[in-house]
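Commentary on secondary and tertiary structure
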Amino acid sequence: MAAIYSLFIINKSGGLIFYKEYGSAGRMDTNDSLRLASLWHSMHAISQQLSPTNGCSGIELLQADTFDLHCFQSLTGTKFFVVCEPGTLHMETLLKVIYELYTDYVLKNPFYEMEMPIRCELFDLNLSQVIQKDRGALLGR
Amino acid sequence: MIGVGKIKQYTNVLDKPLSRGRQEVSLSAFAFLFSELVQYNQTQVDNISELERRLEDAGYAVGARVLELLCHREKGNRRETRLLGILSFVHSTVWKVLFGKVADSLEKGTEHEDEYMISEKELLVNRFISVPKDMGAFNCGAFVAGIVKGVLDGAGFPAVVTAHFVPVDGQQRPRTTILIKFAEEVLRRESRLG
């Protein structure tokens, strides 16, 4: 039914620190993924200025014909965004769960350098568990 | 006012009773503090064995103090003289107070008479830590090994204590084993005591 295509995490300066592909399209070229991340970072920042209402915190949802893009920005400026099938539910909750995994298994890891690409085994392990569970729950419905 | 008791004022801080203290500490707070401890030590050393030794030294200080505190609080100032006694003290009481649960298992080494092993599925200090591949077999559990060493040394059972990852079939994450190798004199005394 509904599925996640990919997950991106970008640091506060727009650099890509984590990219995972779940769709059937296969992994994007590294340079392309970096470009995409900085593109989204810029669009997110511009949208804050363009918004007709005050106190806008940036794009949260982008809906297109073939995909939806849900974005979550933490208070520190780290952005988590997921590209998924149109109409997928509960992506905001998923992003919050992923944020919690990030704070636990990345930030509490003494071998992780801030703003650098994430290379934490425990983070990958728990993330795939969460995605599996999510997928299973979606298929169950 | 009704029901107001008079709080006894202690002039000397040494006369104040040792309170039980707050039983629970935030795991996140500890995890961040421990992470900083590891990071700080990393800047001070050139290689991995140095880092392990430093973590062990930090744990040693904790172990020595924990022994004193627990002997007073939990055991009513009784002193352990037998090997199995001190080992079960470490395995149950020390673990319960420090990590909230008793250790998973305590085993005697099959190959050597002087080796004992305390195993844990995952040490609390390692809960959020992923060691990068280029650091090899480094284990932040060296801190816990240091704590055990501190307790044993203070109780009169000198030993060499190290922490190891032991891969387990069917599990992605390896188990952690604290290997305790007692000094000669401990075994001689133990056999003398019968």
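Here is a short report on the structure shown in this document. (Residues numbered from 1 in each chain as written. Chains lettered and ligands numbered in written order. Predicted model: local features only at pLDDT ≥ 70, side-chain atom pairs only at ≥ 80, totals over all residues. Heavy atoms only, no water.)

**Notes on the overall build of chain B**
Formally: Secondary structure elements follow DSSP: runs of H or I of four or more residues count as helices, runs of E of two or more count as strands, with numbering from the N terminus. Categorising residues by exposure relies on relative accessible area from a 1.4 Å probe, with only protein chains included: less than 20% of the type maximum marks a residue as buried, more than 50% marks it as exposed, and the intermediate range marks it as partly exposed. By the counting scheme adopted, Arg and Lys are positive, Glu and Asp are negative, and His together with the chain ends is not counted. Working definition for charges: the position is that of NZ of Lys, CZ of Arg, CG of Asp or CD of Glu.
Helices and strands together make up the secondary structure of chain B, namely 5 helices and 4 strands. The linear arrangement of helices and strands in chain B, starting from the amino end, is α-α-α-β-β-α-β-β-α. Each of the three principal axes of chain B carries a C-alpha extent, and together these read 65 × 45 × 35 Å. Looking at chain B as a whole, 36% of its 194 residues qualify as buried. Computing the positive centroid from 26 side-chain charges and the negative centroid from 25, chain B places the two 9 Å apart.

**As for the overall build of chain A**
Here is the rule: The globule rule is 2.2 Å times the number of residues to the power 0.38, and the radius of gyration it is compared with is taken over C-alpha atoms. Residue contacts are defined here by distance: any two heavy atoms, one from each residue, within 4.5 Å place the two residues in contact. Accessibility throughout is a Shrake-Rupley quantity obtained with a 1.4 Å probe, and a residue counts as covered only by protein chains that appear here.
The secondary structure content of chain A amounts to 3 helices and 5 strands. In sequence order, the secondary structure elements of chain A are arranged as β-β-α-β-β-β-α-α. The C-alpha radius of gyration of chain A comes to 15 Å, within 12% of the 14 Å expected for a compact globule of 141 residues. Structurally, chain A occupies a C-alpha span of about 40 × 40 × 30 Å along its principal axes. By the burial criterion, 44% of the 141 residues in chain A qualify as buried. Long-range pairs, those at least 24 residues apart, make up 46% of the contacts in chain A between residues at least 6 apart in sequence. Accessible surface, chain A: about 7,700 Å² in total, of which carbon and sulfur atoms supply 55%.

**Section: the environment of A:Asn31**
Relative to the helices and strands, A:Asn31 resides in helix H1 (residues 30–50). A:Asn31 gets classed as partly exposed once you look at its relative accessible area, which sits at 44%.

**Points about the layout of surface pockets**
In this approach, a probe sized like a water molecule rolls over the atoms, and the result shows the empty space that is left. Residues and elements named next belong to chain B. This is how it is decided: Here a cavity denotes grid points, spaced 1 Å and computed from the protein atoms alone, that fit a 1.4 Å probe unable to get out, and a pocket denotes an open set having protein on both sides within 12 Å along at least 5 of 7 lines; residues with an atom within 4 Å of a point are the lining. Grid points are joined across faces, edges and corners, and a volume is the space filled by probe spheres set on the points. Residues are grouped as follows: Ala, Val, Leu, Ile, Met, Phe, Trp, Tyr, Cys and Pro are nonpolar; Asp, Glu, Lys and Arg are charged; every other residue, Gly included, is polar.
Looking at the largest pocket, its volume works out to about 890 Å³. Lining the largest pocket we find 24 residues, and of these Gln 23, Val 25, Val 97, Leu 98 and Phe 99 sit closest to its centre. Elements with a minimum of two residues in the lining of the largest pocket: helix H1 (27–44), helix H2 (48–73), helix H3 (83–99) and helix H4 (142–154). The element best represented in the lining of the largest pocket is H2, accounting for 5 residues. Taken together, the residues of the lining of the largest pocket sort by class into 14 nonpolar, 4 polar and 6 charged.

**A word on the side chain of B:Glu120**
Along the polypeptide, B:Glu120 turns up in strand S2 (residues 115–120). Apart from residues lying up to four places away in sequence, B:Glu120 is in contact with B:Trp95, B:Lys101, B:Ala103, B:Asp104, B:Arg175 and B:Thr176.

**Quick notes on the nonpolar core**
Cut-off, in case you're wondering: Each nonpolar core is a collection of buried residues, namely Ala, Val, Leu, Ile, Met, Phe, Trp, Tyr and Cys, held together in the definition by side-chain atoms within 4.5 Å.
B:Trp95, B:Leu152, B:Ile178, B:Ile180 and B:Phe182 are the most contacted members of the largest nonpolar core, which totals 44 residues. At the level of secondary structure, the elements contributing two or more residues to this core comprise H1, H2, H3, S2, H4, strand S3 (159–166) and strand S4 (175–182) of chain B. Apart from the residues within four sequence positions on either side, B:Ile180 is in contact with B:Leu87, B:Asp114, B:Glu115, B:Tyr116, B:Ile118, B:Val148, B:Leu152, B:Ala159, B:Val160 and B:Val161. Residues A:Val82, A:Leu95, A:Tyr112 and B:Ala31 belong to the second largest nonpolar core, which totals 29 residues.

**A few points about the interface of chain B and chain A**
Accessible area lost during the coming together of the parts is what is often quoted as the interface size. Operational definition: By buried area we mean the combined loss of accessible area, with a 1.4 Å probe, across both parts when two parts are placed together. Whenever a carboxyl oxygen of Asp or Glu lies within 4 Å of a side-chain nitrogen of Lys or Arg, that contact is scored as a salt bridge.
Listed by partner, the interface residues are 19 residues for chain B and 11 residues for chain A. Carbon and sulfur atoms supply 64% of the area that chain B and chain A bury against each other, a total of about 1,400 Å² over both sides. It is B:Phe128, B:Ser130 and B:Arg173 in chain B that bury the most area against chain A; as a group they hold 41% of the surface buried on that side. In this structure, the salt-bridge partner of B:Arg173 is A:Glu121, at a minimum N-O distance of 3.9 Å.

**Let's talk about empty space enclosed by the protein**
One pass over the full model with this rule turns up 2 cavities of 30 Å³ or more. Quantified by volume, the largest cavity comes out at close to 60 Å³. Taken together, A:Lys108, B:Leu27, B:Phe30, B:Ala31, B:Phe34, B:Leu124, B:Val125, B:Phe128 and B:Ile129 form the lining of the largest cavity. Partitioned by chemical class, the residues of the lining of the largest cavity number 8 nonpolar, no polar and 1 charged.

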